[in-house]
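Observations on chain architecture
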Amino acid sequence: MSKDCGNHGGGGGGAASRICGAIIGFIIIVLITIFLVWVILQPTKPRFILQDATVYAFNLSQPNLLTSNFQITIASRNRNSRIGIYYDRLHVYATYRNQQITLRTAIPPTYQGHKEDNVWSPFVYGNSVPIAPFNAVALGDEQNRGFVTLIIRADGRVRWKVGTLITGKYHLHVRCLAYINLADKAAGIHVGENAVKYMLVNKCSVNV
């Protein structure tokens, strides 16, 4: 049958078999080469640090509605000396006790070279976001104590560049702890009439 490499009559069948064998052999060699390069170079996950958070608004109102507005600074470092990273997609948002409390903010796609750093300062915000009742109680208690614990998340997809070879896409999950002292504005830097910038410098967990 025509879709089988070796099932052709006459001398043409032998030629077709040799062509198919050569193609399959080439594909196998390419896959083995990529695998060996990957194993030898041992790509390392990028490092992320949440440097600061500027709070413009953080108000919990009844019935369990949260309005928040932050500008965060998050830095990423490619620790590989021979491997580049393509950030094809990256969305940043804030959560409280595993509940998303802001919209997702997209960071423009970018390439990060060897031993290179990137710094992004996106705004993350949400207007009158409904909060689960049990989370609203916990958040109210934290506000009364003056300290609020949030998780800044970054989810996306990355590709690795090794020489001229570029891998497929891998999922990237970043989690950064943001422990904000809302009670003591003197703990931060006033950058506007109602905005306070808190220095955090927290190392984030990264999973690829």
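Conventions and cut-offs
Residues numbered from 1 in each chain as written. Predicted model: local features only at pLDDT ≥ 70, side-chain atom pairs only at ≥ 80, totals over all residues. Heavy atoms only, no water. UniProt positions renumbered as here; feature names shortened; annotations may be inferred. Helix = DSSP H or I, 4+ residues; strand = E, 2+ residues; numbered from the N terminus. Buried < 20%, exposed > 50% of the residue type's maximum accessible area, 1.4 Å probe, protein only. Contact = heavy atoms within 4.5 Å. Areas by Shrake-Rupley, 256 points an atom, 1.4 Å probe, with all protein chains shown as cover. Pairing = 2+ DSSP bridges. Core = buried A, V, L, I, M, F, W, Y, C linked by side-chain atoms within 4.5 Å. Salt bridge = Lys/Arg side-chain N within 4 Å of Asp/Glu carboxyl O.

As annotated in an unreviewed UniProt entry, the protein carries the name Late embryogenesis abundant protein LEA_2 subgroup and comes from Arabidopsis thaliana x Arabidopsis arenosa. A UniProt comment under Subcellular location (unreviewed entry) is attached to the protein, and it reads "Membrane".

Here the focus is the overall build of the protein. Broken down by element type, the protein carries two helices and 14 strands. The buried share of the protein, reckoned over its 208 residues, is 37%. Considering only intrachain contacts with a sequence separation of at least 6, the fraction spanning at least 24 residues in the protein is 70%. Carbon together with sulfur atoms contributes 57% to the accessible area of the protein, which is approximately 11,700 Å² in total.

We now examine the pairing of strand 11 (residues 170–181). One face of the sheet, then the other: side chains in a regular strand alternate in exactly this way. Bridge count for strand 9 (residues 147–162) against strand 11 is 12 bridges, and the pairing is antiparallel. Note on strand 11: the bridge partner recorded for Gly156 is Leu172.

This part is about the nonpolar core. Grouped burial of nonpolar side chains is what soluble globular proteins tend to show. Within the largest apolar cluster, 42 residues are counted, with the highest numbers of intra-cluster contacts made by Phe48 and Leu150. Of all the elements in the fold, those that place two or more residues in this core are strand 1 (47–61), strand 2 (65–77), strand 3 (83–96), strand 8 (123–130), helix 2 (133–145), strand 9, strand 11 and strand 13 (196–203). When residues no more than four places from it in sequence are discounted, the contact partners of Leu150 are Phe58, Phe70, Thr95, Tyr96, Ile101, Cys176, Leu177, Ala178 and Ile180.

Let's shift gears to the pattern of salt bridges. Counted by the stated rule, this structure contains four salt bridges. Between Lys197 and Asp52 there is a salt bridge, and its shortest N-O distance comes to 3.9 Å. Of the two residues, Lys197 sits in strand 13 while Asp52 sits in strand 1, which places them 145 residues apart along the sequence. Here Lys197 falls in the partly exposed class, since its relative accessible area comes to 27%. Residue Asp52 is classed as buried on the basis of its relative accessible area of 5%.

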